[in-house]
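The primary structure of each chain is shown beneath.
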Amino acid sequence: MNQFLKRLEVFVLILLITVFTSNMLANSDIFSFVHKDYDFVLRFSKGGSWYQELKKVTFFKFVLDRKGLGFEDAFLRLLEDMKYRTGIDPEVVTDAISSDVLFASKGLDVNLMEFVAFDLNYYFELIKTLASNAIVVFETKNPQKLPRALAYLLSLSYKQVGTNYIIGDSLFCGVSGRYLVVAGSKQALELALKTYATPEMQLARSVRDFDRLRAGTFLVSGYAKPGALKLEMPGTGVVKWENAEQIIFYSTASAGSFNFTIEQRNKTKLVSKKSSDAILELPNAWNYYMVISSQNTENVIASMKSWFKGTEGELTKLISLFEYLTSLSTSVYTTGRIETGEFLFIFDNFVGKDFEVQLSKVGARGDVQKQEWYLQLGATQLHIFKYSNKFFVGLLSKERYLQLERTRKKLKDFPIFNDFARITNYEFKVFIDVGDLVKSTLGFTLSSKLVFWSYNSDYFTFYRIVLS
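Read on for an overview of the structure. No experiment lies behind these values; they were computed from the predicted model shown.

**Considering the layout of surface pockets**
Take a probe with the size of a water molecule and roll it over the atoms, and the empty space left behind shows itself. When its volume is computed, the second largest pocket comes out at roughly 600 Å³. For the lining of the second largest pocket, the secondary structure elements donating two or more residues are strand S11 (237-239), strand S13 (257-266), helix H11 (297-307), strand S22 (450-457) and strand S23 (460-467). For the lining of the second largest pocket, the element with the most residues is H11, which contributes 6 residues. Residue classes in the lining of the second largest pocket are distributed as 9 nonpolar, 11 polar and 5 charged.

**Points about the environment of Tyr165**
When you line up the elements, Tyr165 lands in strand S6 (residues 164-167). On the accessibility criterion, Tyr165 (4% relative accessible area) is buried. Remark: the alpha-carbon pair of Tyr165 and Glu427, spanning 262 residues in sequence, is separated by 49 Å. Sequence-distant contacts of Tyr165, defined by excluding residues within four places in its chain, comprise Gln144, Pro147, Tyr158, Lys159, Gln160, Leu171, Phe172, Cys173 and Val175.

**Some thoughts on the environment of Phe75**
Relative to the assigned elements, Phe75 resides in helix H4 (residues 71-86). A sequence separation of 115 residues divides Phe75 from Glu190, and the C-alpha atoms of the two residues are 32 Å apart.

**What to know about the packing of aromatic side chains**
In total, this model carries 37 aromatic pairs according to the counting rule given. Ring centres of Phe33 and Tyr179 lie 5.2 Å apart, and the angle between their planes is 75 degrees; this geometry places the pair in the edge-to-face category. Linking Phe33 in the loop between helix H1 (2-26) and strand S1 (40-44) with Tyr179 in strand S8 (residues 179-183), this pair joins segments that are 146 residues apart in sequence. The pair Phe33 / Tyr179 is uniform in exposure class, with both members buried. Three or more aromatic residues link up through ring pairs in this structure, and these residues are Phe40, Phe59, Phe60, Phe62, Phe103, Phe249, Phe258, Phe260 and Phe444. A cation over an aromatic ring shows up here: Lys429 above the ring of Phe420, its NZ or CZ 4.8 Å from the ring centre.

**Some points on unusual backbone geometry**
We note that Ser155 has phi near 60 degrees; this positive angle belongs to a residue other than glycine. Topologically, Ser155 is positioned in the loop between helix H7 (146-154) and strand S5 (158-161). Not every positive phi belongs to a glycine, and Gln371 is a case in point at roughly 55 degrees. Within the fold, Gln371 resides in the loop between strand S17 (365-367) and strand S18 (372-377).

**Observations regarding helix H8 (residues 186-197)**
An α-helical turn contains 3.6 residues, so any two residues separated by three or four positions project in the same direction. For H8, built from 12 residues, the straight-helix expectation of 16 Å at 1.5 Å per residue is met to within 8% by its first-to-last C-alpha distance of 17 Å. All buried positions along H8 are accounted for by Ala188, Leu189, Ala192, Thr195 and Tyr196. Around the axis of H8, the buried residues are gathered within 135 degrees of arc, so they sit on the same side. Exposed positions of H8 whose direction lies more than 90 degrees from the buried face are Gln187, Lys194 and Ala197. On its buried side, H8 packs onto strand S4 (134-139), S6, strand S7 (171-176) and S8.

**Considerations on the pattern of salt bridges**
Using the criterion set out here, one finds 22 salt bridges in the structure. The residue Glu72 makes a salt bridge to Lys55 at a minimum N-O spacing of 3.3 Å. Within this pair, whereas Glu72 is found in helix H4, its partner Lys55 is found in the loop between helix H2 (47-54) and helix H3 (58-64), the two being separated by 17 residues in sequence. Asp458 serves as the salt-bridge partner of Lys269, at 3.5 Å between the closest nitrogen and oxygen. A residue pair is termed long-range when its members are at least 10 positions apart, and Lys269 in the loop between S13 and strand S14 (288-293) and Asp458 in the loop between S22 and S23 qualify at 189 residues. A relative accessible area of 51% means that Lys269 is categorised as exposed.

**Comments concerning the side chain of Asp100**
Relative to the helices and strands, Asp100 resides in the loop between helix H5 (91-98) and strand S2 (101-105). On the accessibility criterion, Asp100 (6% relative accessible area) is buried. Within polar-contact distance, the side chain of Asp100 engages the side chain of Ser45 at 3.2 Å. Engagement of the side chain of Asp100 in a polar contact is seen with the backbone nitrogen of Lys46, the distance being 3.1 Å. If we ignore the near neighbours within four places in the chain, the residues touching Asp100 are Ile30, Arg43, Phe44, Ser45, Lys46, Val137, Phe138 and Glu139.

**Quick word on the side chain of Gln202**
Among the secondary structure elements, Gln202 is positioned in the loop between H8 and helix H9 (203-206). Accessibility expressed as a relative area gives 2% for Gln202, which makes it buried. Those residues within four positions of Gln202 in sequence are excluded, and the remaining contacts are Ser32, Val34, Lys36, Thr195 and Tyr196.

**Quick notes on the environment of Arg214**
Examined against the element boundaries, Arg214 turns out to sit in helix H10 (residues 209-215). Here Arg214 falls in the partly exposed class, since its relative accessible area comes to 24%. Put simply, Arg214 and Leu446 are 232 residues apart on the chain and 35 Å apart in space, counted from C-alpha to C-alpha. Looking at Arg214, its side chain comes within polar contact range of the side chain of Ser32, at 3.5 Å.

**Describing the pairing of S6**
Two faces belong to every sheet, and in a regular strand the side chains alternate between them. Relative to S6, S5 runs antiparallel, the two being bridged by 4 bridges. Across the sheet, residue Val161 finds its bridge partner in S6, namely Asn164. What sits between the antiparallel neighbours S5 and S6 is a turn of 2 residues, in which Gly162 has the positive phi angle 65 degrees. In this structure, the hairpin formed by S6 and S7 is closed by a connection of 3 residues, where Gly168 is found at a positive phi of approximately 65 degrees.

**A word on the packing of H4 against H7**
Between H4 and H7, whose axes approach to 11 Å, the crossing angle comes to 110 degrees. In terms of their interaxial angle, H4 and H7 are classed as roughly perpendicular. In terms of crossing hand, the pair formed by H4 and H7 is right-handed. For the pair formed by H4 and H7, the contact residues are Leu78, Leu79, Asp81, Met82, Arg85 and Thr86 on the first element and Arg148, Ala149, Tyr152 and Leu153 on the second.

Thresholds applied
- Residues numbered from 1 in each chain as written.
- Predicted model: local features only at pLDDT ≥ 70, side-chain atom pairs only at ≥ 80, totals over all residues.
- Heavy atoms only, no water.
- 1 Å grid on protein atoms, 1.4 Å probe; cavity = no way out; pocket = protein on both sides within 12 Å on 5 of 7 lines; lining within 4 Å.
- Points joined across faces, edges and corners; volume = space filled by probe spheres on them.
- Helix = DSSP H or I, 4+ residues; strand = E, 2+ residues; numbered from the N terminus.
- Nonpolar A, V, L, I, M, F, W, Y, C, P; charged D, E, K, R; others polar.
- Buried < 20%, exposed > 50% of the residue type's maximum accessible area, 1.4 Å probe, protein only.
- Contact = heavy atoms within 4.5 Å.
- Phe/Tyr/Trp six-rings, centres within 6.5 Å; stacked < 30°, edge-to-face > 60°.
- Lys NZ or Arg CZ within 6 Å of the ring centre and 35° of its normal.
- Expected span 1.5 Å × (residues − 1).
- Arc of directions from axis to C-beta.
- Salt bridge = Lys/Arg side-chain N within 4 Å of Asp/Glu carboxyl O.
- Polar contact = N/O pair within 3.5 Å; in protein donor to acceptor, adjacent residues only side chain to side chain.
- Pairing = 2+ DSSP bridges.
- Axes fitted to C-alpha atoms, helices over the stretch in contact; angles between N-to-C directions.
- Parallel < 35°, antiparallel > 145°, perpendicular 65-115°, else oblique.
- Left-handed = near helix turned anticlockwise from the far one by under 90°.

Read these as geometric descriptors, not functional statements.
Structure follows, in structure tokens:
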């Protein structure tokens, strides 16, 4: 009887260990390598399954196809060259980038838009120059073969030390199950491997939003503490996170569009009011349009700084003028051409009567005949004029603007701007004609647009990007 009880105890113990281990492994995924002290996490999830949807997005099709930039062919040729020179099958790499890939860091100032690049060498350099507190994790069927493949792609040396690998002088690689961890230091590698095996050390266990990221079907997703993340779109300035407690982001691709959302949880409640603007009445003469409610003077100033680069003294003068103009308008429009830096700020429904006094305060001089003023800031001369119920500051003269008004169709005549017009609750909204930008810089013709906007709802601020 005692022997039977002992066997039963052993059986129950084994069963409990098996159940516990199974549960732990079931809850373990690529996020589990990230220590709770880390402050930025980005995951590319199952890229292989998203690939065909991405190719339906006009812009990504242009980047990938041989009729465009040929990114896909260039990469495949590189892998074939790797096979010829080293004997490593291209499937070792394609499997790894088709599965989950994670980047995580601690103490770095990460600009999210820097992860959007279409030069193979950029991503190679990103791995090659990993900071000491950063890791890249690959889910792969070939964790032992992948380090040598990476060494070839990065043009670095490779050696195996025990069960680990060293690429170059500063990339330390270790294997855990189906994952290969590449770290910028030996300490970071050891911490990642230990964290994966120790649930209480994992960031994903202490931040509940990771449950949403795990449950959702996303192409790109991640988490950031406010001090670790930067976001800067053309013409908008750097997005600030002073009111943020934490940030998550996620994206999908469907119906020919790439949709990206940044969700900022705030310390206080904020609500975006419905805004009425007349942006569609402007001529279709530029590839960039931005609308900001006049209540958001800070966003207006940030936008101004991103277009105009000057000394601190010059910017102080311009800020003073923009604050005055914004306070007496309902909306502020920014138009321009990104590739040339041409810009024009338009203050809608301007009601100021003493603007000439304000212009003289900042050193502007008037031309009575042309009915415009000029403000010299360093090597840049700004044209300033009033027309109808709008006030204009930028690099276009009044004569040139009126010519565009007469000769160009208005935005409302183009269906491509309909989605932009439908956004009425916002802090700011931006339209970029990506196709025009590509044609003017690279000579390729394509129909692609990007809409970027921000709005507040309850305790959250959302930043949304839609690229077609």
